[in-house]
Structures are given as C-alpha cells and as structure tokens.
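Geometric and topological summary
What follows is the residue order along each chain.
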Amino acid sequence: MVILSEKTSSLIPSQLTCCDFSFRYSGLVSKIIFGVAKGMDYKPGNTFTPGSNHHTWNAVLLNGVWELVDTRFARRPILTGATGGSNMQYEMDDHFFMTNPQKFIYTHFPDESKWQMLDPLVSMETFCNMPVMTPHFFALGMDLLSHKLAYVHSSGKAIIELKYPKSKRLHLTFSVLGDNGAEEIDGVKLVRYAMLEANNGKVTFRLRLPLKGKYAFIVYAKEDNPNKTDNMFAQVCEYQIEQEDVLVPKPCPYPPCAYQSWGPGIAFYQFNMFTETVSALIKTQNGMAKFQIDTPKPMQFRTRLVQYHETSDFEGYVTHKIQGLATMFTITAPSKGEFGLEIYAKDPDTESKKMRHVAQYLILCEEDIQTVQLPKLPSGFLGLQPMLVKFGVSTITHSDPVIHTDSNLLEIRFGTSQNMRFTTSLFETETKTEYSEYVFIQSETNVITLLVCLPKTGFFTFCVHGNLLTDNSQQIPGLFNYLIHCKEKKVDAIPYPKQYGFWKEGCSMIEPLAIKPILETKVVPFKVRIPRATTVAVVVNNDWTPLNHTEGGLWEGEIHIEPAVQGGTKTVLVASFGDDQSKYATLLEYNL
C-alpha cells in the first residue's frame, strides 16, 4: 500500500485547514489532531519526537461519537508509469475515514493521548515497535495472532501467525530481505528459507534463516476475485526478524516447489475438493504417508515430488488410487529428509489440457529407512493418462502404477464400458531393451486382461494404449503407464505369439498361451474364442487344420506340430469373418 510519508504531509498544512473548514461548513464539529504518522518510507523501529507536529488529521463528531479521519492519507498516490510526475494519479482509500481507533493507532500517534481513544493507552515506544500494517491489511479483515510487535527474535526457527476471515479466500506471498536489501545468500533466494500455510482463517509463516543478522519480512496479499482484472498483490504488513542464532546443522532451503503457499490452494476449493489433511506438514510412518482427497466428480490428478538436493523429480514414489469420488495418495519417502509434494488436477469434461495446481505438502521423513531406489522417469509419466477416464476405462487389479512383485508372471486387468482395442509396449527401464513379445492381450466382455511374463528380474516400463473399435484412425492414445519391479524369476519366460489387429477385437485364448520349442512330434490342443468368425484354422508350415465351432462358442481342435528340420516352425491362427471363405485374417503367429 502506498501512502504519503510524514515528511511529505508536513509540507501541505493548508490542506488540513481546508478540510477542517469543510467539516465545519457542513455543520459538523471538527477537531484538528497533531501528532506523528507512519508513511510509506517508515520502517519498523524508527522513532519520533512527540510534539513536533509532523502530521495532522481530524476528529469529527458524528451522532455524538468522535470519528477519526485523515484525508491526506486517504488520497492514495498511484504510479501509472516508471516514474512520478505526469504519471502520478490518485485514488481514495476509505480506510482513513471513520477508522476504528484500534486500527488507527498502527499508523497515527497523537500528541494528546486522549485522541488515541483507547484504554489502555499505547506508549510511543510501543507505537514505534508495532508491525507496519497497511490499510490493505485491514481491508482484508486481517489481524495479528502471534507477534504484536514488529521485532521477531529467532534463535533458529521463527513462526509468525496472522488471522483472516474464514469466509475469505486469500492469495498470499512474501519477501525476505537481508539487512543490506539483498534477496539472496550464496546464490539462494532468502524466500526459500521460509514457507507459508493459509487455511481455515489462519496464516502460518515458518522461517529458518541461514545466517545471523537482521532481515525484513514483508507479507503481500490479495483476495481471490477472478472478476477483478486489476486484482494485484499489495503489501499488508512488515516485520523485522532478528536472527540471533542459526540451526545446527545449517538449515537447507525448503524443497523447490512451484508456490510459496503450502497446503490446499485456491484451486482446491474452486474444484470443491475436501480433505481431512489440512496441515501442510505431513510426517511419514515407516517411511510412508497417506491421505485422501474427496471430489464432487471424477478428476484427473498428477503429482510431483521434489527435494532441495536433487535436480530431478522423484517419479514413482507417489501413487494415487481413485475409488469413486475419493482419491487416496500414497507417498514413499526416497530417503530420510524433507520432500515437497505438488498435486495438480483437471476436470476431464473440459477441453483444456492444462492441469491446475491444487495443493502442496511438505513431506517430512525423520526415520532411517531402506527404500527401494526407483529409476529416473519423466515427471507425470506413471499412472493413468487422460484418455483412460474419457474412454470409461478403469483398473480392476493394479491401480498403483508402481508394482513390486516376487514373481515374473502378472495378470493385469482393466474394465471397459465400450468395445476397445488395446495394445502394449514392454521394455527394460534402464537399457530400453524391448520385450513386447512377453505380453499377451485377452479380450472379453467389458474386461481386458494383460498377461505379462517378464524374462528376468529388474525394472520394466509397461505402457498400455487403447482406442475405441469404432475409431478408424491410426491413433492409439496412452491409457496407463506402469513401472514393474520384478524381484524374483519363478517361471520360465516363453514368448507369447505375435498378436495382429483382428485378435485385439474381442478374442481370447484358452490354450495354448505359448508353445515351447519341441524336439519331437507333439499334439497341441487349441481352444479359442473368436467372436464373429465363420471359419477358424491353424496353419503349420502351410499345413491347414480347421477348428470346430462348439456350442459354447469356442473354436477347438488338436494340432500336430513336428520339430523343424531346418529353421523354425511357423504356426499361425487364422479366421474368416465373412461369406467369402477364401479370405482369411491372421490373428496369432507362434514362432518355435
């Protein structure tokens, strides 16, 4: 808030005389008050000499009650350019009309104590040591909670608390300046050594400054009002921090998250979200933490976990599971220390691809833990993708994107509300070696089953894609991305047959899922479900064997497979879907 200083106001005494005359001309009883006032250049701890008439204002008698008025401070200067002069304009600040004496005393100290209109009276020393509070502070309905004086003495950590009406939603930010006006120490912004949390009418600032000395701590705020185009941050109060001691070991900056404000944010409430975890600080138990966010409709979420010492994000250490309108977040701390958790969300029914920052939490792990270190992955890569919700697909078996398994054989199932065509990719995370032949896709009514047989232990990235059968485009968007950690190989990994397009349109194999290399002639039973097929056959090195259609809707038969004399044995499952029995589509191809 920009207001006239006492130096400037003392140069124009005639204005007050004119104002006093206007009050009297209007038939009002008016009194000129002499004293001192805190202007825009005032800093906490500056002193005044009583009786020197630095500033004057009025007391006006209205309905038998004396009201305080300062028309000079109410004439607020606004800079419309880089400098003053012709670019200086003015607007009225009604805070200085009929101001509550308990608020007026923060900026005005009368020579005659009776014009404080307070009981008990405030001394000059207390007046000088009060925090600098601007009219914007009172306009937002804010108040002091923890520190009534401007000086905050800190012996390592300092906590400053303010209050605001629970009915308001405020955006807050702050700045921290060294005694010489410096914004940084050793290349790190001083604001990184502080965090703010605003919730349920209370603002909490936590500071752990890295060096002894004096610091200016300035708070800015604005009310959440999307209809106001010129809604800008304005200063609300200022403190002087006396850092008398420093934490041992030397404190690190808080995690480098996107916003200074922690806990549920403005967008959280705009989406009408709810959580019982209102504190921005979450401590782990056994290296893990969980909390839930409830939403009025299904939402898409993305998370980001960061730490000061790391230059990249910790992808995979945060998972979320959606059950109806509740989303459960699970955080596994990568190690002992502090981590910043950012949560982003969007309404899947909107066309916007932008996800909004809805909450931010400080995850504190004070335990010595042995966490499985995950490979580095791009932020937001794991978990459900936007098209999963749009297509009405849901996870049946594995909703967590990070799978730790004691077996190399998995069965991952998805529920579908429409006829879908799925495809997948599987590769070793570190080497990028592809192993897609170890995935088999089974399609049934409203269920897609993915059989995964990992060829060895380690980390694998498994990507699931899909599209509607009615979509004739070549696009197959991503639906869900997994990170699979295979700790033990329990079964032999035999490549599944290669699957062609028609197979992915509702087909499923009862047997054989895979065929081992053979050393002698072998009879292999086939049992398969192929909707809409009119003829089905198995072709072994150009030798055709038709399958029989049973009453249960399956195609069955026994196929004689001989060991290859030279090269491999190619076994192909084909089907005809129309009246023309001469046209067959390849569904599966086994290479022995």
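Now for a description of the structure that goes with this document. (Residues numbered from 1 in each chain as written. Predicted model: local features only at pLDDT ≥ 70, side-chain atom pairs only at ≥ 80, totals over all residues. Heavy atoms only, no water.)

**Thoughts on the pattern of salt bridges**
- Counting across every chain of the model gives 19 salt bridges.
- Ionic pairing is found between Arg206 and Glu197, a salt bridge with its closest N-O pair at 3.2 Å.
- Judged by relative accessible area, which is 24%, Arg206 ranks as partly exposed.
- A salt bridge links Arg532 to Glu505; the nearest nitrogen and oxygen atoms lie 3.6 Å apart. In this pair, Arg532 sits in the loop between β38 (522–529) and β39 (535–540) while Glu505 sits in the loop between β36 (498–499) and β37 (508–511), placing the two residues 27 residues apart along the sequence.
- Relative accessible area serves as the criterion here: at 53%, Arg532 is assigned to the exposed category.
- In the salt-bridge network here, residues are joined through shared partners; they are Glu183, Glu184 and Lys189. (Salt bridge = Lys/Arg side-chain N within 4 Å of Asp/Glu carboxyl O. Buried < 20%, exposed > 50% of the residue type's maximum accessible area, 1.4 Å probe, protein only. Helix = DSSP H or I, 4+ residues; strand = E, 2+ residues; numbered from the N terminus.)

**A short note on the side chain of Ser407**
- For Ser407, the position within the fold is in the loop between β29 (402–405) and β30 (409–415).
- One polar contact links the side chain of Ser407 to the main-chain amide nitrogen of Leu409, over a distance of 3.2 Å.
- Setting aside anything within four residues of it in sequence, one finds Ser407 in contact with Cys486, Glu488 and Lys490. (Polar contact = N/O pair within 3.5 Å; in protein donor to acceptor, adjacent residues only side chain to side chain. Contact = heavy atoms within 4.5 Å.)

**Some points on the nonpolar core**
- One finds Met142, Leu162, Leu172, Phe205 and Phe217 to be the most contacted residues of the largest nonpolar core, which totals 47 residues.
- Contact partners of Leu162, with chain neighbours within four places excluded, come to Met142, Asp143, Leu144, Leu145, Gly201, Lys202, Val203, Phe205, Val219, Cys237 and Tyr239.
- Formed by 32 residues, the second largest nonpolar core is a distinct cluster that contains Phe314, Leu382, Val402 and Leu483. (Core = buried A, V, L, I, M, F, W, Y, C linked by side-chain atoms within 4.5 Å.)

**Notes on the sheet that holds strand β42 (residues 555–561)**
- Within the open sheet, the four strands sit side by side as β37-β38-β42-β41. Their pairing is antiparallel. Each having just a single partner strand, β37 and β41 (548–549) make up the two edges of the open sheet.
- As judged from the two bridges shared by β41 and β42, these two strands associate in the antiparallel manner. Its bridge partner being in β42, Asn548 is matched across the sheet by Glu556. (Pairing = 2+ DSSP bridges.)

**Digging into the environment of Leu469**
- Along the chain, Leu469 turns up in the loop between β34 (458–468) and β35 (478–486).
- We classify Leu469 as partly exposed; its relative accessible area is 26%.
- Along the sequence, Leu469 and Cys453 sit 16 residues apart, while their C-alpha atoms lie 27 Å from each other.
- Discounting chain neighbours no more than four positions away, the residues touching Leu469 are Asn419, Met420, Arg421 and Glu505.

Remember that the coordinates give geometry; whether it matters functionally is a separate question.
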